[in-house]
Amino acid sequence: MRSFVYNSHPVRVIFGPGTASRVADEVRRLDRSRVLLLAGEHVRHQAELVEKYLGDLQVARFDGAVMHTPVEVTERVLGLVTEHDVDAVVAVGGGSTTGLAKALARRTGIDQVILPTTYAGSEVTPVLGETADGVKTTRSSPDILPETVVYDVEFTTSMPIPLAVTSAINAMAHAIEALYSEQANPIVDALALEAVAAIARGIPALGADSADPEGRSDLLLAAWLSGTCLASAGMGLHHKLCHVLGGSFDLPHAATHTVVLPHALAYNEPSVPHVMARVAQALGTDSAPAGVYDLVAAAGGPTSLEELGLRESDLDEAARLATAKPYPNPREVTEVGVRRLLGEAFAGNRPEPVEKAG
């Protein structure tokens, strides 16, 4: 019989088309009245809508969120918070704007309302990853968790297919690693497998019609489910590698997840074959690692670290950094094994079956 502990996280979620129009009501429900809007050029249309909905609740705006949440950017925005006596932040965008909102909340205690435009999923987690001096550090605290998330499906329909693919695989990584986490439990398992299946349905639909509402709805639902998994279960080797590659080598976050995931699954498969069999079933394939790779390749997504800008000469250092400190993972993490994994990901090879771990 299984024994487990499950912690739920109190986030208010509003899901559906057109739900962004309720953002002002959500700010008032929190009894807040001085909003800092976080956005960016890539979500200009969505941000303009949110500005209209917020009206005189908005007192300031910042459009310079950066991947991996650099501390120096957060410190700059803290000046706006103080100058305008901000008591709530509304973030429109992907993981970068969400990360900045969380960083501000951790330092000031202000409330957060997040309107995701990608499938990052971090908006429903109490986790914050910040970068300082080229090193990404992750912390978890209830104070980091946003108060409200508004999932407006219409805010994702204009996302370019390449970004939608990498963002969805980023979400899938949260779900799959939760399945073999030390905190895995029946609730997380159910959410994770449904997320994997929804992404397997949603990505091919993007190719048929980039604004397909059902496909986009599947992917946004999967983002929520996957983020909930991330909030409830620890991650393993895959996420450690992506943090190293992003924080120390400045690789793009979602695209790095997309390239690394099939190879991290192949590395762990000998130690958790039952988990990989369930993932393969959710994908509708015979092999989880190859199935993820094929899903990405068929959609035209990135399959090699080289195309993301990593140099082959960086592989040894990346392997060293990724194994410098121990962390939970179903298979023992060794520098030699990780270096081999990174070599396969650098070359963009399709994962092949590996020998059983001893």
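Residues numbered from 1 in each chain as written. Predicted model: local features only at pLDDT ≥ 70, side-chain atom pairs only at ≥ 80, totals over all residues. Heavy atoms only, no water.

- As recorded in an unreviewed UniProt entry, the protein chain goes by the name Maleylacetate reductase, listed as coming from Rhodococcus rhodochrous J3.
- For the record of the protein chain, the UniProt heading Sequence similarities (unreviewed entry) holds the text "Belongs to the iron-containing alcohol dehydrogenase family." (UniProt positions renumbered as here; feature names shortened; annotations may be inferred.)

### As for helix α11 (residues 288–298)
Okay, so step 1: For α11, the buried fraction is high: 8 of the 11 residues fall into the buried class.
Okay, so step 2: Here α11 starts with a cap whose side-chain oxygen sits 3.3 Å from the backbone nitrogen of Ala290, and that cap is Ser287.
Okay, so step 3: At the C-terminal side of α11, Gly300 shows a positive phi close to 80°. (Buried < 20%, exposed > 50% of the residue type's maximum accessible area, 1.4 Å probe, protein only. Helix = DSSP H or I, 4+ residues; strand = E, 2+ residues; numbered from the N terminus. Polar contact = N/O pair within 3.5 Å; in protein donor to acceptor, adjacent residues only side chain to side chain.)

### A few points about the UniProt feature "domain: Alcohol dehydrogenase iron-type/glycerol dehydrogenase GldA" (unreviewed entry) in the protein chain
Okay, so step 1: In the UniProt entry, the feature "domain: Alcohol dehydrogenase iron-type/glycerol dehydrogenase GldA" (unreviewed entry) is given for residues 10–152.
Okay, so step 2: Counted over residues 10–152, helix gives 31% and strand 30%. Its end C-alpha atoms are 19 Å apart.

### Section: the nonpolar core
Okay, so step 1: In this structure, Tyr119, Met172 and Ile176 are the most contacted members of the largest nonpolar core, which totals 53 residues.
Okay, so step 2: Mapped by element, the contributors of at least two residues to this core are β8 (148–152), α5 (161–179), α6 (186–208), α7 (213–232), α9 (253–268), α10 (273–283) and α11. (Core = buried A, V, L, I, M, F, W, Y, C linked by side-chain atoms within 4.5 Å.)

### Digging into the pattern of salt bridges
Okay, so step 1: Scanning the entire structure with this criterion turns up 17 salt bridges.
Okay, so step 2: Among the salt bridges present, the one from Arg32 reaches Asp111, with a minimum N-O distance of 3.1 Å. Taken as a pair, Arg32 in the loop between α1 (23–29) and β2 (35–38) and Asp111 in strand β5 (residues 111–116) lie far apart in primary sequence, 79 residues in all.
Okay, so step 3: Under the relative-accessibility criterion, Asp111 is labelled buried at 9%. (Salt bridge = Lys/Arg side-chain N within 4 Å of Asp/Glu carboxyl O.)

### Describing the environment of Ala173
Okay, so step 1: Tracing the chain through its elements places Ala173 in helix α5.
Okay, so step 2: Separated by 87 residues in the primary sequence, Ala173 and Val260 have C-alpha atoms spaced 9.5 Å apart.
Okay, so step 3: Those residues in contact with Ala173, other than ones at most four positions away along the chain, are Met235, His238, His239, His257 and Leu261. (Contact = heavy atoms within 4.5 Å.)

### Some details on the side chain of Ser181
Okay, so step 1: Along the chain, the position of Ser181 falls in the loop between α5 and α6.
Okay, so step 2: Residue class for Ser181 comes out buried when judged on its relative accessible area of 11%.
Okay, so step 3: Looking at Ser181, its side chain comes within polar contact range of the side chain of Gln183, at 2.8 Å.
Okay, so step 4: Those residues in contact with Ser181, other than ones at most four positions away along the chain, are Ala233 and Gly234.

### Considerations on the sheet that holds β5
Okay, so step 1: A sheet is described by the order of its strands in space; here 6 strands give the open sequence β1-β8-β5-β4-β2-β3, paired in parallel fashion. The sheet terminates laterally at β1 (12–16) and β3 (58–62), the two strands that pair on one side only. On average, each strand axis in the sheet is inclined to that of its neighbour by 15°, with strand direction left out of account.
Okay, so step 2: As paired strands, β2 and β3 are joined by 4 bridges and run parallel to one another. Across the sheet, Leu37 pairs through a bridge with Arg61, a residue of β3.
Okay, so step 3: Each of β1 and β8 touches α7; the most contacted strand, β1, lies at about 170° to it. (Pairing = 2+ DSSP bridges. Axes fitted to C-alpha atoms, helices over the stretch in contact; angles between N-to-C directions.)

### Brief notes about the side chain of Glu177
Okay, so step 1: Here Glu177 is to be found in helix α5.
Okay, so step 2: Of the side chains bearing the opposite charge, Lys240 lies closest to the buried Glu177, which forms no salt bridge; the N-O distance is 12 Å.
Okay, so step 3: A polar contact is formed between the side chain of Glu177 and the backbone nitrogen of Gly236, at a distance of 2.9 Å.
Okay, so step 4: Not counting the four nearest positions on each side in its chain, Glu177 is found in contact with Gly234, Met235, Gly236, Leu237, His238, His239, Asn268 and Asn329. (Lys, Arg positive; Asp, Glu negative; His and termini not counted.)

### Section: the packing of α5 against helix α8 (residues 237–249)
Okay, so step 1: Where α5 contacts α8, the axes come no closer than 9 Å and their chain directions differ by 140°. As judged from the angle between their axes, α5 and α8 are oblique. Between α5, through Ala173, His174 and Glu177, and α8, the contact on the second element is made entirely by Leu237, His238 and His239.
Okay, so step 2: Here the residues of the contact of α5 with α8 are counted per class, giving 2 nonpolar, 3 polar and 1 charged. (Parallel < 35°, antiparallel > 145°, perpendicular 65-115°, else oblique. Nonpolar A, V, L, I, M, F, W, Y, C, P; charged D, E, K, R; others polar.)

### Thoughts on unusual backbone geometry
Okay, so step 1: Positive phi, close to 50°, is recorded for Thr69, a residue that is not glycine.
Okay, so step 2: Mapped onto the elements of the fold, Thr69 is located in the loop between β3 and α3 (71–83).
Okay, so step 3: By relative accessible area, Thr69 is classed as buried at 7%.
Okay, so step 4: Look at Asp133: it is not a glycine, yet its phi comes out positive at around 55°.

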